[in-house]
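# Descriptive analysis of the structure
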Amino acid sequence: MEGVGVLDFGSQYTQLIARRIRECKVYSQILPYNISPQEIVRRGIKALIFSGGPESVREGNVPLCNRKVFDLGIPILGICYGAQLMAKMLGGRVEKGEKREYGKTVIYLNKREGLFKGLAEKEIVWMSHSDCITALPHGFKRIAFTEHSPIAAMEDEKRRFYGLQFHPEVTHTPKGKRILKNFLRIAGCAPTWNMHSFIERTIKELRAKIGEEKVLCALSGGVDSSVLSVLLYRAIGRNLIAVFIDNGLLRKGEKKLVQERFKAYGIDIRVINAQNLFLEALKGVEDPERKRRIIGRLFIKVFTEEAKRLIELGERRIRFLAQGTLYPDVIESVSPFGGPSSTIKTHHNVGGLPKRLGFSLIEPLRELFKDEVRRLGRELGLPEEIIYRQPFPGPGLAVRILGEVSKRKLEILRLADWILLEEIKKAGLYHHLWQSFCILLPVRSVGIMGDKRTYERVVAIRAVESEDAMTAHWARLPYSLLERVSNRIINEVKGVNRVVYDISSKPPSTIEWE
Ligand code: XMP
């Protein structure tokens, strides 16, 4: 797969750079900063971008790229640390700046051609650095400066090497995308990467790989597994078997919804009723981590048994297991700071299965970011209500019932949660919120209903705004909405006499309560 390689030097924006390039309809992949030149050639990469990073090239023992990368004859764009690294490795000088530049900064352009084509003499850019390039490497020219950076951008037009002290990938640099597009044009990367071409290529590859064999996949009804199933169905039709496990910890109406929707697509969906199994295993368990482990293990067990059963029933041709792994989970970063790959969530990963059952693994979404999966879903004709569903955790309502899980508690939570979502949707806020849900607390409180003392359960409401779940703000829901939800829950859900609103953000709180 050709396109642009983004070498990761540990910047918090590395993924953003890769996404921006893809937004320009050019394929991009994140690569280890010390990747070999041979590997770059083998992958057919047409241009490189060096990310920023937290280190200073003035120090010893900092991440460097392979020196021979500069001899490959492909264009390179260095950003912040990447630009300083380029300057230093090619013979320029980097020193500690007199003043740290942080945030919005005015930049003056010496040249408005090439990388800066279409820009004004003066632009706003976003800076975050304390080191400065103070002497250009041989063959380079300065193309921009700021009040505190004598060299805010440089180029070697002949070799097509560019260095930017600022960050074109963030939205605070309004012309950043224009600059990236200019770089892609200079590099000869045509804007041909789009979802339509992705689907065509992936379907062809899937058919070639799978042939007449069968594929098993776990379908949860969430965005990733839904898109995965429909994509596979497009490729191999009824040779896909989708397994939906009802663990008894699902939201109201969820099983029916998934079952009906995917049957309507023509997908062979097998629903496994394992509610009792899960509830039995969770009996007496209060510790959140134990609950998660039990659910995770049981999920794999139930899934494995179903696979074995299908094979015994004569589905001998099941050779593959499909999984909705996304790009952030497979990034091959070896960044010294953990890098993006350290954010992997192993939860609910059926990754251990293929070996145990002799399956081969297929992961058709492994090149995609979450927003691209949504675009893919839309291109495949999935309705908005699937594509823009709020996330729901694998362990389900079990991590929203604090303490021991029971059938009765599940019933209470299911109904309260349903009411909340109904009202949130009515208020037109569902898509605006990252998540909105109810939690059942392990306490009772005193209330009064119809002149009688009550001593009943407490439901908490959680609604957060977030970009990626790494951080989240509690949502400022209108009081009128909170009032309606509270009234309805207390009136309609038997056993609840108090509703509270969670006003904590992440960090320090997490989104889920367990
Ligand atoms: P926290 O609670 O860590 O959650 O702030 C961040 C995001 O991840 C979801 N979440 C999970 N998703 N399995 C999942 O598939 C899990 O075990 C799990 N725990 C949390 C959570 O809903 C939020 O979107």
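Here, residues in each chain are numbered from 1, in the same order as that chain's written sequence. Residues qualify for local features only when their pLDDT is at least 70, as the model is predicted, and side-chain atom pairs are given and counted only at 80 or more; totals for whole chains, interfaces and linings, by contrast, use all residues. Side-chain measures were taken over the full set of non-hydrogen atoms in the model, leaving aside hydrogen atoms and water.

Secondary structure assignment for the protein chain yields 14 helices and 18 strands. Its C-alpha atoms give the protein chain principal-axis dimensions of roughly 80 × 60 × 40 Å. Between buried and exposed lies partly exposed: a residue is buried under 20% and exposed over 50% of the maximum accessible area for its type, with that area taken using a 1.4 Å probe on protein chains only. Each of the 514 residues in the protein chain was classed as buried or not, and the buried ones make up 55%. Contacts between residues were defined by any pair of non-hydrogen atoms, one from each residue, lying within 4.5 Å. Taking as baseline every contact in the protein chain between residues at least 6 positions apart, the subset at least 24 positions apart corresponds to 74%. Positive charge is attributed to Lys and Arg, negative charge to Asp and Glu, and no charge count is given to His or to the chain ends. By convention, charge coordinates are those of NZ in Lys, CZ in Arg, CG in Asp, or CD in Glu. Looking at the protein chain, you have 83 positive and 60 negative side-chain charges, and the mean spots of the two groups are 2 Å apart. Helix and strand definitions here come from DSSP, where helices need a minimum of 4 consecutive H or I residues and strands a minimum of 2 consecutive E residues; each element is numbered from the N-terminal end.

This next bit is on the sheet that holds strand 1 (residues 3-8). Whether two strands pair depends on DSSP finding at least two bridges between them. In spatial order, the strands read 2-1-3-4-9-8-7-5-6; together these 9 strands make up an open sheet with mixed pairing. Every interior strand has two partners, whereas the edge strands, strand 2 (28-32) and strand 6 (122-135), have only one. Adjacent strand axes in the sheet meet at a mean angle of 25°, parallel and antiparallel pairs treated alike. Pairing geometry for strand 5 (residues 93-109) and strand 7 (residues 141-145), over 2 bridges, is antiparallel. Within the sheet, the bridge partner assigned to Tyr108 lies in strand 7 and is Phe145. Along the sheet, helix 1 (residues 14-23) contacts strand 1, strand 2, strand 3 (45-50) and strand 4 (76-79); its crossing angle with strand 2, the most-contacted strand, is approximately 150°. Lines fitted to C-alpha atoms define the axes here, with helix axes fitted over just the stretch in contact, and angles between the N-to-C directions of these axes take values from 0 to 180 degrees.

So, about a nonpolar patch on the surface. Candidate patch residues must exceed 30% relative accessible area and have no salt bridge, after which like charges are joined if within 9 Å and Val, Leu, Ile, Met, Phe, Trp or Tyr side chains if within 5 Å. With residues, only the protein chains shown are counted as cover, and all accessible areas are computed by Shrake-Rupley using a 1.4 Å probe. Counted as salt bridges are all cases of a side-chain nitrogen of Lys or Arg within 4 Å of a carboxyl oxygen of Asp or Glu. Residues Val106, Tyr108 and Ile124 make up a contiguous nonpolar surface patch of about 210 Å² in total accessible area. Under the relative-accessibility criterion, Val106 is labelled partly exposed at 30%.

Bringing the site of the ligand into the picture now. We call a residue near a given molecule or strand whenever any one of its heavy atoms falls within 4 Å of it. Arg292, Gln435, Lys506, Ile511 and Glu512 are the nearest of the 14 residues found near the ligand. Throughout this description, a polar contact denotes any pair of N or O atoms lying within 3.5 Å of each other; where both atoms belong to protein, one of them has to be capable of donating a hydrogen while the other can accept it, and for residues adjacent in sequence the pair is counted only when both atoms sit in side chains. In the environment of the ligand, an oxygen atom lies 2.7 Å from a nitrogen or oxygen atom belonging to the side chain of Gln435. At a separation of 2.7 Å, an oxygen atom of the ligand approaches a polar backbone atom of Ile511. Burial of the ligand by the surrounding chains reaches 83%, relative to a free accessible area of 490 Å².

So, about the state of the cysteines. Note on disulfides: each one is a pair of cysteine sulfur atoms within 2.5 Å. Scanning the model with the defined rule gives 0 disulfides in all. Cysteine Cys24 is unpaired, with the sulfur of Cys189 as its nearest cysteine sulfur at 10 Å. Cys24 sits in the buried class, given a relative accessible area of 7%.

Those residues of helix 1 that fall on the buried side of the exposure criterion are Thr14, Ile17, Ala18, Arg20, Ile21 and Arg22. Looking at the buried residues of helix 1, the elements they touch are strand 1, strand 2, strand 3, strand 4, helix 4 (176-187) and helix 11 (370-379). Phi turns positive, to about 65°, at Lys25, one or two residues after helix 1.

A separate point is the pairing of strand 10 (residues 214-218). Of all 5 residues in strand 10, 4 are buried, a share of seventy percent or more. Looking at chain direction, strand 10 and strand 11 (residues 240-246) are connected through 4 bridges and run parallel. From the neighbouring strand, Val215 faces strand 11, where its bridge partner is Leu240. In this fold, the crossover linking strand 10 to strand 11 by way of helix 6 (residues 223-236) has right-handed handedness. Convention used here: a crossover is right-handed provided that the path from the first strand, over the helix, to the second strand proceeds clockwise when the strands point away from the viewer.

Once that is clear, we can look at the sheet that holds strand 11. In spatial order, the strands read 12-11-10-13-14; together these 5 strands make up an open sheet with parallel pairing. Two strands close off the open sheet at either side, each with one partner strand: strand 12 (268-273) and strand 14 (360-362). Each adjacent strand pair in this sheet contributes to an overall mean axis angle of 30°, direction not counted. The sheet contact formed by strand 13 (residues 318-322) and strand 14 spans 3 bridges and is parallel. Its bridge partner lying in strand 14, Ala322 is registered against Ile362. Lying over the sheet, helix 6 contacts strand 10, strand 11, strand 13 and strand 14, oriented at roughly 170° with respect to strand 10.

Working note: non-glycine residues mostly have negative phi, and peptide bonds are mostly trans. In this model, Lys506 is joined to Pro507 through a cis peptide bond whose omega is -15°. Note that Pro507 resides in the segment after strand 18 (496-501). If you check the backbone angles, Asn61 has positive phi at about 55° while not being a glycine. Asn61 sits in the exposed class, given a relative accessible area of 81%.

What follows concerns the pattern of salt bridges. With the rule as written, the count across this model stands at 38 salt bridges. One network of salt bridges, in which partners are shared, links Glu422, Glu423, Lys426, Arg484, Arg488 and Glu492.

A separate point is a positive patch on the surface. There is a patch of like positive charges on the surface, built from Lys25, Lys117, Arg178, Lys181, Arg185 and Arg375. Broken down by element, the residue count for the positive patch peaks at 3 residues, all from helix 4. Residue Arg178 is classed as partly exposed on the basis of its relative accessible area of 37%.

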